[in-house]
Each structure stands twice: as C-alpha cells, then as structure tokens.
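Commentary on secondary and tertiary structure
What follows is the residue order along each chain.
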Amino acid sequence: MNWENNVRKVVPYVAGEQPKQKDVIKLNTNECPYPPAPAVEKALKEIDFDSFRLYPDPDTTSITEALAKYYNVSTKNVFVGVGSDDVLSMAFLTFFNSDKPILFPDVTYSFYDVWADLYRIPYKTVPLKDDWSIDKEGFKQENGGVIFPNPNAPTGLFEDVSTVEEIVSANPDVVVIVDEAYIDFGGESVIPLTSKYDNLLVVQTFSKSRAMAGMRIGFCIGNEKLIGYLNDAKFSFNSYTMNRPAQELGALAVLDDAYFKDITGRIVKTREWVKIELKRLGFTFPDSKANFIFASHKSIPAKDIYTYLRTRNIFVRYWDKARINNSLRITIGTDEQMKTLIGALEEYIGDK
Ligand SMILES: *Cc1c(COP(=O)(O)O)cnc(C)c1O
C-alpha cells in the first residue's frame, strides 16, 4: 500500500487537441498547413524497407551534417532529438542541475514548469511586462539557468537579438537556452551568437516551419562542450532516440531551402492579412512574428468565441489560466482556412 509514496509524481503537460474528425479547420497546435518538402515525399516512397530490421545510426550523422552545413557550424555544435520537446527535456536534465531556481517568463511555453517539476529543478517565473514583452531586467537576478522562447509563446512577440544577447551576457555562470520554435516566421536567430557565448544553447524544431510535426524532429546548436554534455546524457538514457526515416527524411527537408522559404513566406503573408481582418473585427493582439496570433476581443470573452468556433468545426487554442484566459491563440493556416475563420467570426460578432 505504501509503494505510492515512492512514485515520482508529476502533473503532465496537456497538449493541444488532435480531433479525430477530418473535416475540421485545425488552428490549435501551430502545425504547418502545407505539406513537407516534395523531396521528402519522394524519398518516403523509395525508403529501404529492409533497413527497418537494423537499429538507426545512434550518431544521427546524415541529419546532423545537413543541419551543420545549413547553419554554417560544425557537426560538433549540433544535437538532434525526437522533436524539440525531447531536446529541451534532455537540456533541462543536463544543464539545470543547481540548487538555485531556473528562470523563465510567467507566460510562456507551458512545458517548462512540467520538466522542472519532473526533474525536481527549482524555478521562478519572471512576469512579462504589461505589453507582453520579456522583462530582461528580471533575468539578471541570481539563478541556476535561464530559458525562454523567442518569439515567445503564446504571445508571438519577438525580442531583438540585442535583448537576447544582454540576457546571455548577464548570465555567464549558467546555461541560457533560447527556444526558437517560431524563429522562421520573421524573427532573427541567435545561432551566430553561439560562437561568442559558450553558455548559449539555441533550440529549434521541424514541427512548425518545416511542416514535419508528425516525424518528431528537433535540434539545438551550441558550443562543442555543451553538445558533448548533452550527448553524454542522451547516451545514458537511450542511444536510439531518432528512428531511421526521421533521420533520412529530416536531412532531405533541410536541403530544400527554396521550398522552406516559400511556405514560411506564404504563412507570413497570410498572417499579416489576418492581423488586418482581426483588427477590423475588434480584436487586439501583440504584433506576432510567429505562425499564430494571440488575440483578445474588446467585448466578447475568449472562451465564448472558442466555444462558438468549435460548433463551426474550427479549432483554436484556449487556456483557462490566470492572465491569459481572455485570449485565443490562433494558428495561421492557408488563406482559404483563414477566410473561413474570418467569415465565421464576422457572423458571430455581427450578431452581438
Ligand atoms: C511547438 C513548440 C515546441 C516543441 O515542438 P516539437 O514538436 O517537440 O519540436 C517547443 N517549444 C515551443 C515554444 C513550441 O511552441
């Protein structure tokens, strides 16, 4: 009866809903509305089925090489994992090992406090400013590590490279992780700063801008020493985290830069149009540089809009949480999907 006292208990992260119906407009988990690069589809059809008998490459060589070349760093500066959630979780385990609290914004990716709890890492949140921007001064207090997304989620706000650099240089004695899950939609990456700061780890994902959420591919770039420590942890955990197709197809996705630029450019263009339409309908929002908009309506509660949109088979993300419970996070889909959304909102708001 007492075994439960010795269980590692944790309150898990709640992922956005993946509805079973096919006919929904799915704007709730920031996936890409376009398919992966054409070379990925071609390679998938020609995949060496017999190779599935064999373990995958534990060193993830092909995708690591493709990423190193693309981002102009050495393969020793790259670590790849099963989605950036895997990379982030490994990084928490490896680098946040102090008795002092790690710091992250109060409104941010809701997985950070879950990993901190799972690994028993003390943490403290730094409140965002009233305009939803990151309070860089708050990250200058004593701490055991720092993590924040840029652009931040779910606000979509991008912080300049100079702001990020100020936070990194103020924290030379801990590892600073910048989660750039949404960097490809108009922000500027701090990957170039990793050669200047040996305590900076930059994490990115294939799930949003590279249209491969279902393949589960994420990576990080940092100083050779940081990557070495991450690999030590990974090989003490599970040597074969990334499966064969993910390694092979992920490498091909990186090579097709023209396609990548095309789909991210289309999403940015759609986003800017959606901003104009939402404004017209009475919404306010921080000026997103991500593939989503975090919007509140001037008179109608977010929860009511969320519930209404579901009746129209349109899924957006809503959190019943302090400070963000009057906002909806709306993923940018195709022009057609967004026109349907705006039409549905027009009908609803017009009736009020
Ligand atoms: C989506 C997201 C991730 C994780 O994405 P993966 O699919 O695990 O690569 C990490 N951080 C932020 C801020 C995200 O929004």
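Rules and cut-offs
Residues numbered from 1 in each chain as written. Predicted model: local features only at pLDDT ≥ 70, side-chain atom pairs only at ≥ 80, totals over all residues. Heavy atoms only, no water. Pairing = 2+ DSSP bridges. Helix = DSSP H or I, 4+ residues; strand = E, 2+ residues; numbered from the N terminus. Contact = heavy atoms within 4.5 Å. Axes fitted to C-alpha atoms, helices over the stretch in contact; angles between N-to-C directions. Near = heavy atom within 4 Å. Polar contact = N/O pair within 3.5 Å; in protein donor to acceptor, adjacent residues only side chain to side chain. Areas by Shrake-Rupley, 256 points an atom, 1.4 Å probe, with all protein chains shown as cover. Nonpolar A, V, L, I, M, F, W, Y, C, P; charged D, E, K, R; others polar. Buried < 20%, exposed > 50% of the residue type's maximum accessible area, 1.4 Å probe, protein only. Right-handed = clockwise from strand over helix to strand, strands pointing away. Parallel < 35°, antiparallel > 145°, perpendicular 65-115°, else oblique.

The strand order across the open sheet formed by five strands is S1-S11-S12-S10-S9, and the pairing between neighbours is mixed. If you trace the sheet from one side to the other, it starts and ends with strand S1 (25–27) and strand S9 (283–284), each paired once. Alignment of strand S10 (residues 292–297) against strand S12 (residues 328–331), held across four bridges, turns out to be antiparallel. Bridge assignment links Phe294 to a residue of S12, and that residue is Arg329. Relative to the sheet, helix H8 (residues 257–280) contacts S9, S10 and S12, its axis offset from that of S10 by approximately 0°. Docked against the sheet, helix H9 (residues 302–311) engages S9, S10, strand S11 (314–318) and S12, running at close to 155° with respect to S11.

Around the ligand sit Gly83, Ser84, Asp85, Leu88, Tyr109, Asp179, Ala181, Tyr182, Thr205, Ser207, Lys208 and Arg216, and that is every residue in its neighbourhood. Between the ligand and Asp85, the relevant distance is 2.9 Å, taken from an oxygen atom to a main-chain nitrogen or oxygen of the residue. At a separation of 2.7 Å, a nitrogen atom of the ligand approaches a polar side-chain atom of Asp179. Coverage of the ligand by the protein amounts to 93% of the 390 Å² it exposes when considered alone. Residue contributions to the shell around the ligand peak at four residues, all from helix H3 (residues 83–95). For the shell around the ligand, the per-class residue count stands at four nonpolar, four polar and four charged.

Time to look at the pairing of strand S5 (residues 146–149). In S5, alternate side chains face the same way, and those of Val146 and Phe148 on one face and Ile147 and Pro149 on the other are all buried. Here four bridges tie S5 to strand S6 (residues 176–179), and the two strands are oriented parallel to one another. Across the sheet, residue Val146 finds its bridge partner in S6, namely Val176. In this fold, the crossover linking S5 to S6 by way of helix H5 (residues 161–169) has right-handed handedness.

Running from amino to carboxyl end, H8 crosses helix H10 (residues 335–350) at an angle of 5°, the nearest separation of the two axes being 11 Å. Considering the angle they form, H8 stands roughly parallel to H10. On the side of H8, the interface is formed by Thr270, Trp273, Val274, Glu277, Leu278 and Arg280, while H10 contributes Asp335, Met338, Lys339, Ile342, Leu345 and Glu346. Each residue belonging to the contact of H8 with H10 can be placed in one class, and the counts come to six nonpolar, one polar and five charged.

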